[in-house]
Amino acid sequence: MKRLDWKKWLKGNAWYTAGILCGIIVLILGLTIVTQDHGSYGNYYTFGADFYTEVQNAAAKAASNIYHVYQLIAKSTGYLLISIGLTDICIFGSKLKAADGSKEVAEEKNI
């Protein structure tokens, strides 16, 4: 059986391998963004004066709304990066060429 020439294989598949590595990095980045905790809710308090209570609760509601918008953006970005990374891995993985002397090449030559 012929010995595999890995240097020749890597030279022919260098860009595809780099594409797969970039896909893995983007996938890890997306998973990191999705699993992180991003901020917290605003707290509601009651004071003796109604004005201060209303101002505090309005500010807490605004903070909670900003928190929800940020969560939506962070999760959407994370899932988008995950899908881009997986697509990248699949596209570049399908373009890899089999190494000379491998089982796939030997089967193709027998056909």
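Computed from a prediction, not measured in an experiment: that's the story for all the values here. (Residues numbered from 1 in each chain as written. Predicted model: local features only at pLDDT ≥ 70, side-chain atom pairs only at ≥ 80, totals over all residues. Heavy atoms only, no water.)

Of the regular secondary structure elements, the protein chain holds four helices and zero strands. In the protein chain, the succession of α and β elements from N to C terminus is α-α-α-α. Taking all 111 residues of the protein chain together, 23% fall into the buried category. Of the contacts made within the protein chain by residues no fewer than 6 positions apart, 75% connect residues no fewer than 24 positions apart. (Helix = DSSP H or I, 4+ residues; strand = E, 2+ residues; numbered from the N terminus. Buried < 20%, exposed > 50% of the residue type's maximum accessible area, 1.4 Å probe, protein only. Contact = heavy atoms within 4.5 Å.)

With that settled, the discussion passes to the confidence of the model for the protein chain. Mean pLDDT over the protein chain: 82, with 85% of residues reaching 70 or higher. When mean pLDDT is taken per element in the protein chain, helix α2 (residues 14-35) scores highest with 91 and helix α4 (residues 103-110) scores lowest with 58. (pLDDT = per-residue confidence, 0-100.)

So, about the packing of aromatic side chains. According to the stated counting rule, one finds one aromatic pair in the structure shown. A ring pair is formed by F51 and Y52, whose centres lie 5.7 Å apart and whose planes are at 70 degrees; its orientation type is edge-to-face. Owing to a relative accessible area of 53%, Y52 belongs among the exposed residues under this scheme. (Phe/Tyr/Trp six-rings, centres within 6.5 Å; stacked < 30°, edge-to-face > 60°.)

Within the fold, D88 resides in helix α3 (residues 50-94). Not counting residues up to four positions away in its chain, the partners in contact with D88 are G19, C22 and G23.

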